[in-house]
Amino acid sequence: MSFPHQFLTEQLAVAPQLSGEDMQAVADAGFKSVIINRPDMEGGPDQPLSADVMQAAQAAGLQVEYQPVVGSAITSADVARFGQLLEALPGPTLAYCRTGTRCAVLFRALNES
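Basis of the calculations
- Residues numbered from 1 in each chain as written.
- Predicted model: local features only at pLDDT ≥ 70, side-chain atom pairs only at ≥ 80, totals over all residues.
- Heavy atoms only, no water.
- Helix = DSSP H or I, 4+ residues; strand = E, 2+ residues; numbered from the N terminus.
- Rg over C-alpha atoms; globule rule 2.2 N^0.38 Å.
- Buried < 20%, exposed > 50% of the residue type's maximum accessible area, 1.4 Å probe, protein only.
- Contact = heavy atoms within 4.5 Å.
- Lys, Arg positive; Asp, Glu negative; His and termini not counted.
- Charge placed at Lys NZ, Arg CZ, Asp CG, Glu CD.
- Axes fitted to C-alpha atoms, helices over the stretch in contact; angles between N-to-C directions.
- Parallel < 35°, antiparallel > 145°, perpendicular 65-115°, else oblique.
- Nonpolar A, V, L, I, M, F, W, Y, C, P; charged D, E, K, R; others polar.
- Disulfide = S-S within 2.5 Å.

## Examining the overall build of the chain
For the chain, the helix and strand inventory stands at four helices and five strands. Reading the chain from its N terminus to its C terminus gives the helix and strand order β-β-α-β-α-β-α-β-α. Against the globule reference of 13 Å for 113 residues, the chain gives a C-alpha radius of gyration of 13 Å, in line with a compact fold. Seen along its three principal axes, the alpha-carbon backbone of the chain occupies a region of about 35 × 30 × 20 Å. Put simply, the chain has 113 residues, and 42% of those count as buried. Taking the intrachain contacts of the chain between residues at least 6 apart in sequence as the baseline, contacts between residues at least 24 apart amount to 74%. Positive and negative side-chain charges of the chain, numbering 6 and 12 respectively, have mean locations separated by a distance of 5 Å.

## Remarks on the packing of helix α3 (residues 76-88) against helix α4 (residues 101-112)
Interaxial distance between α3 and α4 falls to 9 Å at its minimum, and their mutual angle equals 90°. As far as their axial angle goes, α4 and α3 are roughly perpendicular. For the pair α3 and α4, contact is made by D78, V79, F82, G83 and L86 and by C103, L106, F107, A109 and L110, respectively. Among the residues forming the contact of α3 with α4, the class breakdown is eight nonpolar, one polar and one charged.

## Description of the state of the cysteines
Tallied over the full model, the rule gives zero disulfides. The thiol of C97 is unpaired, and the distance to the nearest cysteine sulfur, on C103, comes to 3.7 Å.

## Some details on unusual backbone geometry
Here G91 and P92 are connected by a cis peptide whose omega angle stands at 0°. Tracing the chain through its elements places P92 in the loop between α3 and β5 (93-96). One non-glycine residue, M41, lies in positive phi territory at about 70°. Along the chain, M41 falls in the loop between β3 (33-36) and α2 (50-59).

Listed below in structure tokens is the structure:
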């Protein structure tokens, strides 16, 4: 089982919405950590809940952090927290949101600061 993702660096990749069922494939691909940047219920009731994804990620041996970020209102605090997570979590790390763009914007903003 594979999942769509794009590497921004050797230690960070971004992906669109993932589910708990994807977490074993994430681990099998060599990732050590996952950052969830999509707020729960942003996409309605059909969106997988972060708690369910986190449970599956932990069962797959991944470290996982839930950092909900509103894509149209990214703050400097959001960027700083993303940077802290990238430093603290073992890599490589996979960050996901609805399309992966919000995670990439956080990473670009981090490198511009």
